Amino acid sequence: QVQLVESGGGLVQPGGSLRLSCAASGILFAGYLMGWYRQAPEKERALVASITSDGRTNYANSVKGRFTISRDNAKNMVYLQMNSAKPEDTAVYYCNAFRSRSQNYWGQGTQVAVSS
């Protein structure tokens, strides 16, 4: 049974930092592209950042220079370090594990709110 469990969401002030974590189980973690997506109210889910098994990263333009994605293949963990948070970063953040169309898994999401 595949499980992706996010943690670390919450309320952060503008300019603040937050670190999201995702624990994966039930998959051969090192074989998966891992990503963080987010969905704000009345908006579509969109890619925030992704990381290959060998550490190559990709970021949405809106978070470049502020967010950092990382992974620990030994611990089956992926992280999203969010710095210089902005109100427009408010969303539900989802962890994703992708290998193929039939091997594409999602976590349940964690809420991030950026507000003073």
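Now for a look at the structure at hand. (Residues numbered from 1 in each chain as written. Predicted model: local features only at pLDDT ≥ 70, side-chain atom pairs only at ≥ 80, totals over all residues. Heavy atoms only, no water.)

**As for the state of the cysteines**
Then step 1. With the rule as written, the count across this model stands at 1 disulfide.
Then step 2. Each sulfur of the disulfide joining Cys22 and Cys95 lies 2.1 Å from the other. In this structure, the disulfide formed by Cys22 and Cys95 twists by about -80° around the S-S bond and is classed as left-handed. Of the two residues, Cys22 is situated in strand β3 (residues 18-25) and Cys95 in strand β9 (residues 91-100); the sequence distance between them amounts to 73 residues.
Then step 3. Here Cys22 falls in the buried class, since its relative accessible area comes to 0%.
Then step 4. Classification of Cys95 by relative accessible area gives buried; the value is 0%. (Disulfide = S-S within 2.5 Å. Helix = DSSP H or I, 4+ residues; strand = E, 2+ residues; numbered from the N terminus. Buried < 20%, exposed > 50% of the residue type's maximum accessible area, 1.4 Å probe, protein only.)

**So, the pairing of strand β7 (residues 67-72)**
Then step 1. Burial of the side chains of β7 is restricted to one face: Phe67, Ile69 and Arg71 are buried, whereas none of Thr68, Ser70 and Asp72 on the reverse face is.
Then step 2. Sheet topology note: the β7/strand β8 (residues 77-82) ladder contains 6 bridges and is antiparallel. Each residue of the ladder has a partner; that of Thr68, found in β8, is Gln81.
Then step 3. Hairpin connection from β7 to β8: 4 residues lie between these consecutive antiparallel strands, with Asn76 at a positive phi of about 55°. (Pairing = 2+ DSSP bridges.)

**Overview of the environment of Lys86**
Then step 1. Within the secondary structure, Lys86 is located in the loop between β8 and β9.
Then step 2. For the pair Lys86 and Arg99, spaced 13 residues apart in the sequence, the C-alpha separation amounts to 31 Å.
Then step 3. Setting aside its immediate chain neighbours within four residues, Lys86 contacts Arg66 and Val114. (Contact = heavy atoms within 4.5 Å.)

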